[in-house]
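# Notes for the structure review
Take a look at the letters that make up each chain.
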Amino acid sequence: QVQLVESGGGLVQAGGSLRLSCAASGRTFSRYAMGWFRQAPGKEREFVAAISWSGSNTYYADSVKGRFTISRDNAKSTVYLQMNSLKPEDTAVYYCALDWGELPRTIGNSAAYDAWGQGTQVTVSS
């Protein structure tokens, strides 16, 4: 079993930055890829970014490419999402998710992920 806890959400003005963190605990001795998803009110959960176990492979949704950066520190069992140039449409609850294995089995399919955090709210004001 593994537990995921997100932090770092908050209220920021358009154009600002936030860094989300996702700390894993429990079965962290196994290798796992990680992803970030988000869900805005009234919308389906959507893929944001993913990263392989080594960190060498990263994947992004077109809507965040060039603005968001996913990274990880395996020594700390933590994954980060640096969000720059935030827009009001980035407002959502952000979730981190774990996929056992060195590479994500899929990139954007939330059903492929094995564990989820509770989410952290990000609100971008215009």
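Throughout what follows, the structure given in this document is the object of discussion. Residue numbering note: each chain is counted from 1, following its sequence as written. Reporting in this predicted model follows two pLDDT cut-offs: at least 70 for local features of residues, and 80 or more for side-chain atom pairs to be given and counted; totals over whole chains, interfaces and linings ignore these cut-offs and use all residues. Values reported for side chains reflect all heavy atoms of the structure, with hydrogen atoms and water molecules removed beforehand.

## Thoughts on the pattern of salt bridges
Salt bridge, as used here: a side-chain nitrogen of Lys or Arg that lies within 4 Å of a carboxyl oxygen of Asp or Glu. Applying the stated criterion across every chain yields a total of 7 salt bridges. We note a salt bridge from Lys65 to Asp62, for which the minimum N-O separation is 3.2 Å. Think of it in three bands: with a 1.4 Å probe and only protein chains considered, a residue is buried below 20% of the maximum accessible area for its type, exposed above 50%, and partly exposed in between. When its relative accessible area of 48% is taken as the criterion, Lys65 is described as partly exposed. Given a relative accessible area of 65%, Asp62 falls into the exposed group. Here Asp114 makes a salt bridge to Arg105, at a shortest N to O gap of 2.9 Å. Three or more residues joined by partner-sharing salt bridges are found here, namely Arg38, Glu46, Arg67 and Asp90.

## Structural notes on the side chain of Thr120
You can see Thr120 is positioned in strand E11 (residues 120-125). Look at Thr120 and you get buried, because its relative accessible area is 11%. Any pair of N or O atoms that falls within 3.5 Å is considered a polar contact. Within protein, one atom must be able to donate a hydrogen and the other to accept it, and sequence-neighbouring residues count only if both atoms are side-chain atoms. Here the side chain of Thr120 touches Gly9 through a polar contact of 3.3 Å, landing on its backbone nitrogen. We call two residues in contact whenever any of their non-hydrogen atoms come within 4.5 Å of each other. For Thr120, the contacting residues outside a window of four places in its chain are Glu6, Ser7, Gly8, Gly9, Leu20, Ala92, Val93 and Tyr94. Labels follow the DSSP assignment, with helices taken as runs of H or I lasting at least four residues and strands as runs of E lasting at least two, numbered in each case from the N terminus.

## Things to note about the nonpolar core
Side chains of nonpolar character tend, in soluble globular proteins, to be buried together. The biggest cluster of nonpolar side chains holds 35 residues, and the ones touching the most others in it are Leu4, Met34, Trp36, Leu81, Met83 and Tyr94. The set of elements that each furnish at least two residues to this core consists of strand E1 (2-7), strand E3 (18-26), strand E4 (32-39), strand E5 (46-51), strand E7 (68-73), strand E8 (78-83), strand E9 (92-100) and E11. Among residues more than four places away in sequence, those in contact with Tyr94 are Glu6, Leu20, Trp36, Phe37, Arg38, Val48, Phe68, Leu81, Met83, Gly119, Thr120 and Val122. Definition used in this section: a nonpolar core is a set of buried Ala, Val, Leu, Ile, Met, Phe, Trp, Tyr and Cys residues joined via side-chain atoms within 4.5 Å.

## Topic: the sheet that holds E1
Across the sheet, 4 strands lie side by side as E1-E3-E8-E7; this open sheet has antiparallel pairing. Of all strands in the sheet, those bounded by a partner on one side alone are E1 and E7. Going across the sheet, the axis of each strand differs from the next one's by a mean of 15°, ignoring polarity. Here a strand pair is declared whenever DSSP counts at least two bridges between the two strands. In this analysis, axes come from line fits to C-alpha atoms, helices being fitted only over the stretch in contact, and the angle between any two N-to-C directions falls in the range 0 to 180 degrees.

## Concerning unusual backbone geometry
Positive phi outside glycine occurs at Ser77, with the angle close to 55°. Non-glycine residue Ser85 carries a positive phi angle of around 50°. As for its position among the elements, Ser85 is in the loop between E8 and E9.

## What to know about the pairing of E5
With respect to burial, E5 is a largely interior element, 5 of its 6 residues being buried. Where E4 and E5 come together, 5 bridges link them in antiparallel fashion. Note on E5: the bridge partner recorded for Met34 is Ile51. Hairpin connection of E4 to E5: 6 residues between the antiparallel strands, including Gly42 at a positive phi of 75°. Where E5 folds back on strand E6 (residues 58-60), the antiparallel hairpin that results is connected by 6 residues, among which Gly55 adopts a positive phi of roughly 90°.

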